[in-house]
Structure formats: structure tokens, C-alpha cells
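What follows is the residue order along each chain.
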Amino acid sequence: MRLAVVDDELCNSKICGIPCVTFCPVNRIGTKTVWIAENGKSRINEQTCIGCGICVHKCPFGAISIINVADYWGKKLVHRYGENGFALYGLPEVKRGFVTGIIGRNGAGKSTSLKILAGELQPNLGGNGGSLLDLFKGSELRQYFSDLGSGKLKISVKPQILTLEEDDPYMQKTVNEVISSYNDERLRSLTKEFALDLLGERRLGQLSGGELQLLTLAIALSKDADVYLIDEPSSYLDVFQRMEAAKKIRETVGRGKSGVVIEHDLIVLDYLSDYVSVVYGSPGVFGMASRSYGTRNGINNFLRGFLPDENTRLREGAIDFFDVGMGKEEVGRVIFSWEKLRKRLGDFELTSDGGEAKEGSVTALLGRNGIGKTTLVKMLAGIVEPDEGAVPTAGLRVSYKPQMLRPVDMLVSDVMEAVKDSLAKDYYKTEVFEPLGIDKLWNRNAKSLSGGELQKVAVALCLGRDAEVYLLDEPSAFLDVEERLRVGKAIRRVMAIRRSTGFIVDHDLLLLTSTSDSMIVFEGESGKRGHARKPVKVLDGVNHFLKEVGITMRRDPETGRPRVNKEGSILDRQQKESGAYFMISVGAEVEGQS
Ligand code: SF4
Ligand code: SF4
């Protein structure tokens, strides 16, 4: 069976000369298989297509994907976005009393799955006829959709996209107005626990991404629902907030409810899930949901790149984290150093110990939101002047990727012109351009990119500039797990090859610990005062930080990835007593921890 998908945004039949139509061998023998539809886009008959792939190679814009799929997949088709559009096969299971975590690549249908489970999107079964109940005969989802259809299930959703248009009347309301409009005790208590009550008179339009995330999550969790569907709860949150949000999700679902959570931070996903379903496939082309695995096996299968029950390979090669936190012992000469710094911004004051940055090294900046990480980065970049102390980066070329990205109305190929010298270099192609998939975005308008795609272009631009110092503020935002790891590797490789020095501000501990050689940990009180400690080895930095958060982590023996210990477990107590908050040796995984 063939799946033929045409990306209408990339297809431009007015200028391509329509080689897909001309060269299709089935067209040439007189059977209409590829044609240009009235909307000017290519269309392909999947019944007559023989899957030769000629059109895929001939299309100058990479608009066509042809996938050979097993016949039985056809019986699992849940939704198709139009003729030759994205196809979603299967759905993650919903288990009563448990949280099912969903992991997978961006663009593989995770959010679409959630919309269908919420009843917000009526699946069309690809136009093949039949009903959802027949499709899921024999699985827990049959009862789920039966109850959903008869109105027996109450659903609460935390969407992925939080912001409305700035002039939307809802964004003009204050936090207090929103909270009181629900007149709900649980919401009051959740907002207090998330420290949102302190923001009372702030309008929603003035909230930071993290504050808005917590408010939206609190509203979703406060509802008296049977099923909680939560899309990317960690975005914009710091590590403290991520752990708090995860605890609240577990608490809520633990009361005999069901939860499905999409999450890209593997440590958080591991912490909050009872089961894990992997949504795999080809971004923008098709997605397939795996069965539910136990959390540890599900994540490890995903990292190994093989789903045993589906007998499906997700990628070539496994991902492991045995060198996490190790950094490089020997790094090169000092590129620049800074003295003790002080900066006051309104009511907030940041102080910083002195430090130095060496060539070929990556330094992570870790701390709460609103504690001055971006301010320190901007001082190091020479964008913000310190009130006291000096950062002698004068004469050094600095490349900076800001936290907030604003897409311009230009083709990605034109945007990347700014780094055309790097584009001509082999190392840039193999270490940055191809791993980040910029080639696939080349003909797209930057305004049409998703958050993750825009992030990859911004990172590629930052790493493409000729500089001695690279500063990347939240490079993991909107990226899936594999993309995060590729970004981390690209940063490391560019620093090593260019003999430059890099700084990363992020909240994804896995990205930071697998990418960095040293770490600056921030202490203080969000919005009031922050102090940046001097750079130390990654293990020492994370250890210090986790002590402040109050959690311990062990290492998974199969993949080396860090896992949060259950509070009060034997390992948790042992590690706290010994002061080793972050990771102990491989093999320490004990029964009952997974
Ligand atoms: S799919 Fe490619 S080759 Fe075919 S019409 Fe569109 S742009 Fe041209
Ligand atoms: S894969 Fe081959 S047979 Fe199918 S539409 Fe393309 S060129 Fe035609």
C-alpha cells in the first residue's frame, strides 16, 4: 500500500515545469497517476502509484513524499488532512487512573491525536467509511469513544499554544479577574501553589510565557473532569516549576481520572508518566501511535530507536547518555574572563561571581525563571552594560540567539544568506545545516515556520556567524527530544571546530548536561535578586542545583539517562545523605523505582 503526501506549501507548479507529472512512468503509459489539481498543486493517485520514487527525486522543491506502508496500516487510519495530506494511524491509549506520556517527533501527529481524544477534531478515517468504534474494536479506546460520544466523559484540555492575539479582550483581563471568574476553590489553591496569586493585578497580556503556562495548567487541572489532556506543560517553565507542574498533574490524575501528556523534556516525561506511547513516523507525512509501554521501557525503546512490539525501527542507531555531565577535562586557552558584576534593573538586582570562558568549551547557565540568566548573557554579549565590573569582550565577535524569536517575512534561503560563508564550509553542512534539517526548510517562508522550525533556523544562523563567543538563550524551546540532542551536538561541534566558546541558557537538564563542560548556577529569588556563581564542572553545578530543587537523580543502566528518584525512596534518601544529588553509578537502578 502506498502513502503519497504532497506539501502544498512547497509545491509550486507555476515555476517547476511539473516534472512530477512528466516523468511519472505510470502517467507515461496512459494511467493518470500524477496531475495538477485546480488549486495548482500536484495530486497523486495512491491506488495506481507504483512507488518508484521518480517524482520525489524530480521535484525541485522536495514537495512529495511516497511511503510504502504495510496493508494492515490502512485499517488503522484515523485521520487524513485532505487528499495527499498528512495521515495519522492509531491513537495513544487512555488508561484510567494513570498518566500516559506521549513522546515523539514534532510534526508526527501528537497534537492531532490529543485533539481527537478531546473530541475537538472529528476524525475522518481517511474517507474510508466505517466508524471510530469499529476501528478501535477490542481496545480500551472503543469504550473511550463510546463514552465520549454519549457525553459521559468530561474532558479538560491544556492546549500547546497559550497566547491569543494581543488585542483579544481575554488578554486584557487581570490574573485575579480570571481566577475569580471560575469561582473555584481548587483553582485558588493551585494558583497559590504555583505562586500566581502574587501576580493578581497583572494583565494576561503582560505575563511571561512561564506565568501564562502555569495559569493555563492550573485552570485545566482545576476542572472537574474525567480525562486531562495536557499538551507540552514544560514549555517556558524552569526546573522548579516543571517538577511542581508534574507533581500536580500526577496528583490530579491519581484521583481515579485519566491523563494524557505530550512532553519533550525526557526527565519530566519520565517523572510524570505511568505509561509511555511513542508517536513515530515522518514529520508532515504520517504518524503512528505505538501501544502503551511502561514508562522506563517506553522511553528506553524510543532512545534505542526500536519498538519491539511493533517490530519497528525509528532511526539508525541508539541514543545514550553515558557521558552526561562529564564534559571535557582539558579545554583550550582562555578566550575571555569577567570580573564580579552587578546590575540593577528596576526592582531586580543581579550579582555575578567572576569567571572565564575557554576555547572549545560550552558553559551552561542554570537557574529559576526571572533570576537574571538572560541579563548575564546580555552582559557577556556586550548588549547590556553592567553597573559594576567589566566584561572585556570588546574586540571579540559575539553571536547571540535571543530567547524570543520573531520570524521575518522572507524565505529561509534568504535569511540564511547572512551566513553564506559558513554555508560553503563542509563542517557547517555536516554538523549544523543537515542535522538541523535546514535543507528541508530552504524554500519555506520564515513566517510560516512552526516554533520548532524557527528555533532550528535561529540556532543555525547563530552557529553560522563568524564569532569567538556564541550565546544561545533557550535553544531547546519548541524542539522535540531528537532535535534537542542534535542542537546540543551541533553547538559542541561548532565550538570544538571553530575553537570558540559557547554559553547556553536552558531548562532542559538533559540538553545542558549532555552538551556542557561547565555550569553557572544561579541562586536567589525570582524577580527580586539573583546571583550567578562562578563556573564549575557540570556534575558539581547540577548537584548544587538539584539540592536547591530538593530532588535526586539516578542513572538508567541501559541508556545512561538521568531519572528523578521517587521522593523518600531508598536511593533518594541515600543520595541526599551522601550529598550526591545528581547521578550515581550505572547499576543503581533498583526494583520499584521504574
Ligand atoms: S510536486 Fe514538485 S514537481 Fe510536482 S508540481 Fe509541485 S513543485 Fe512541481
Ligand atoms: S512514485 Fe512513481 S509511480 Fe508514484 S506518482 Fe511518483 S513517479 Fe508516479
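This is a predicted model, so every value here is computed, not measured. (Residues numbered from 1 in each chain as written. Chains lettered and ligands numbered in written order. Predicted model: local features only at pLDDT ≥ 70, side-chain atom pairs only at ≥ 80, totals over all residues. Heavy atoms only, no water.)

## Points about the domain arrangement of the chain
Moving on, step 1. Split into domains, the chain comes out as domain 1 (2-68), domain 2 (74-313) and domain 3 (334-506 + 520-534).
Moving on, step 2. Between the C-alpha centres of domain 1 and domain 2 there is a distance of 35 Å.
Moving on, step 3. Between domain 1 and domain 2, the residue contacts involve ten residues of the former and ten residues of the latter.
Moving on, step 4. Summed over both sides, the interface of domain 1 with domain 2 buries roughly 750 Å², with 53% coming from carbon and sulfur.
Moving on, step 5. Contact with domain 2 buries surface across domain 1, with Leu-3, Val-5 and Arg-43 losing the most and accounting together for 54% of the total.
Moving on, step 6. At the boundary of domain 1 and domain 2, one finds two salt bridges.
Moving on, step 7. In this structure, the salt-bridge partner of Arg-80 is Glu-46, at a minimum N-O distance of 2.8 Å. (Domains from an automatic or database assignment. Contact = heavy atoms within 4.5 Å. Buried area = accessible area lost by both parts, 1.4 Å probe. Salt bridge = Lys/Arg side-chain N within 4 Å of Asp/Glu carboxyl O.)

## Quick notes on the site of ligand 1
Moving on, step 1. In the region of ligand 1, 13 residues are neighbours, and Cys-11, Asn-12, Cys-16, Cys-20 and Cys-59 sit closest.
Moving on, step 2. Breaking the shell around ligand 1 down by element, the ones donating at least two residues are helix 1 (13-16) and helix 2 (19-23).
Moving on, step 3. Partitioned by chemical class, the residues of the shell around ligand 1 number ten nonpolar, three polar and no charged. (Near = heavy atom within 4 Å. Helix = DSSP H or I, 4+ residues; strand = E, 2+ residues; numbered from the N terminus. Nonpolar A, V, L, I, M, F, W, Y, C, P; charged D, E, K, R; others polar.)

## What to know about the site of ligand 2
Moving on, step 1. Near ligand 2 lie 14 residues; those nearest to it are Cys-24, Cys-49, Cys-52, Gly-53 and Cys-55.
Moving on, step 2. Contributing elements (two or more residues each) for the shell around ligand 2: helix 3 (25-28) and helix 4 (54-58).
Moving on, step 3. In the shell around ligand 2, the residues fall into eleven nonpolar, three polar and no charged.

## A few points about the pattern of salt bridges
Moving on, step 1. Counted according to the given criterion, the structure contains 40 salt bridges.
Moving on, step 2. Between Lys-154 and Asp-224 there is a salt bridge, with the nearest N and O atoms lying 3.4 Å from each other. Of the two residues, Lys-154 is situated in the loop between helix 7 (140-149) and strand 8 (155-158) and Asp-224 in the loop between helix 10 (209-222) and strand 9 (227-231); the sequence distance between them amounts to 70 residues.
Moving on, step 3. Judged by its relative accessible area of 44%, Lys-154 falls in the partly exposed class.
Moving on, step 4. Residues participating in the shared-partner salt-bridge network are Glu-193, Glu-244, Lys-248 and Glu-251. (Buried < 20%, exposed > 50% of the residue type's maximum accessible area, 1.4 Å probe, protein only.)

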